[in-house]
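Residue-level structural notes
Each chain is listed here by its residues.
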Amino acid sequence: MSNWLIYSIGFLAQILFSSRLVIQWITSERQRKVITPTLFWTLSLIASFLLFVYGYLRDDFAIMLGQSLTYFIYIRNLQLQGEWQKFPKLLQILLFVIPVGIVVYYYNNNVIDRDVLFRNEAIPEWLLWLGIISQVIFTLRFVYQWLYSEHKKESSLPLGFWLLSVTGALLILTYAIFRKDPVLFIGHGFGTIIYIRNLILLHRQGDA
């Protein structure tokens, strides 16, 4: 597959991720407090799938790992908001089955793919580990958010989510610079600004 098409998939995913942040940011600015609109999770779900595909096409295990860990958390938040049930049943099934099918298809019997992912000459071992650690920290924000929301019985974005977002984004930016990945750099550079703005809003609310 040509590089321009691969990067197009990656940029489309990042545009959707950025769009969800812009929508969340504008909604929060209007309410003068941190709000989590339903569209935030819907766009997250679509973008996560696209970025997973981008990660595979780039032979980048760190990207694939991050998206694999958060995909179903996005679905769970839609369930908590009562919106998942409004999706057509066929679409619900496809959204569950497709990512699992991709994993089974690509990893069921091909050792070659694992060698490419973990022994990619374009990614030194230290850089691979930086990417993995960055994605794990960035992903933990949604694990924390999920557990917090389950406890509160409603979907929300607490202080810890934004602190982990800033930390993870800065690490991924470092990874993107060494990896020379414009998709990650642009996406997380823009995201960092909004993460910091949400921390400011939380501070003004008295939640920080």
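Please refer to the structure higher up on the page.
Residues numbered from 1 in each chain as written. Predicted model: local features only at pLDDT ≥ 70, side-chain atom pairs only at ≥ 80, totals over all residues. Heavy atoms only, no water.

Some remarks on the overall build of the protein chain
- Helices and strands together make up the secondary structure of the protein chain, namely eight helices and zero strands.
- Reading the secondary structure of the protein chain in the N-to-C direction produces α-α-α-α-α-α-α-α.
- Considering the protein chain as a whole, with its 208 residues, one finds that 47% of them fall into the buried category.
- Relative to all contacts within the protein chain whose residues are 6 or more apart in sequence, the contacts with residues 24 or more apart total 73%.
- About 10,700 Å² of surface is accessible on the protein chain, with carbon and sulfur atoms providing 68% of the total. (Helix = DSSP H or I, 4+ residues; strand = E, 2+ residues; numbered from the N terminus. Buried < 20%, exposed > 50% of the residue type's maximum accessible area, 1.4 Å probe, protein only. Contact = heavy atoms within 4.5 Å. Areas by Shrake-Rupley, 256 points an atom, 1.4 Å probe, with all protein chains shown as cover.)

Re the packing of helix α1 (residues 3-31) against helix α2 (residues 38-57)
- The geometry of α1 relative to α2 is characterised by a closest axis approach of 8 Å and an angle of 160° between their N-to-C directions. Here α2 runs roughly antiparallel to α1, going by the angle between their axes. Along this stretch, α1 crosses α2, giving a crossing that reads as left-handed.
- Split into classes, the residues belonging to the contact of α1 with α2 amount to 19 nonpolar, six polar and one charged. (Axes fitted to C-alpha atoms, helices over the stretch in contact; angles between N-to-C directions. Parallel < 35°, antiparallel > 145°, perpendicular 65-115°, else oblique. Left-handed = near helix turned anticlockwise from the far one by under 90°. Nonpolar A, V, L, I, M, F, W, Y, C, P; charged D, E, K, R; others polar.)

Considerations on the side chain of glutamine 92
- Positionally, glutamine 92 belongs in helix α4 (residues 89-107).
- Here glutamine 92 is in contact with Trp84, Gln85 and Phe87, once residues within four sequence places are set aside.

Some details on helix α7 (residues 159-179)
- In this model α7 runs 30 Å from its N-terminal to its C-terminal C-alpha over 21 residues, within 8% of the 30 Å that 1.5 Å per residue would give.
- Among the residues making up α7, those that are buried are Gly160, Phe161, Trp162, Ser165, Val166, Gly168, Ala169, Ile172, Leu173, Tyr175, Ala176 and Arg179.
- Where α7 terminates, the next one or two residues include lysine 180, which has phi positive at roughly 55°. (Expected span 1.5 Å × (residues − 1).)

Side note on the nonpolar core
- Counting residues in each nonpolar core, the largest one holds 47 residues, and the members touching the most others are Leu45 and Trp162.
- Counting residues per element, this core draws most heavily on α2, which supplies eight residues.
- Residue contacts for tryptophan 162: discarding those within four places in its chain leaves Gln24, Val34, Leu157, Tyr195, Asn198, Leu199 and Leu202. (Core = buried A, V, L, I, M, F, W, Y, C linked by side-chain atoms within 4.5 Å.)

Digging into the pattern of salt bridges
- All chains considered together, the criterion is met by five salt bridges.
- Notably, a salt bridge pairs aspartate 181 with arginine 58, separated by 3.2 Å at the nearest N-O pair. Of the two residues, aspartate 181 sits in the loop between α7 and α8 (182-205) while arginine 58 sits in the loop between α2 and α3 (61-80), which places them 123 residues apart along the sequence.
- According to the relative accessible area criterion, aspartate 181 is buried, its value standing at 1%.
- A salt bridge links lysine 86 to glutamate 83; its shortest N-O distance comes to 3.2 Å.
- One network of salt bridges, in which partners are shared, links Glu29, Arg32 and Arg197. (Salt bridge = Lys/Arg side-chain N within 4 Å of Asp/Glu carboxyl O.)

What about the environment of glycine 82?
- Summarising the element assignment, glycine 82 is placed in the loop between α3 and α4.
- Taking C-alpha positions, glycine 82 is 9.3 Å from threonine 38, a pair spaced 44 residues apart along the chain.

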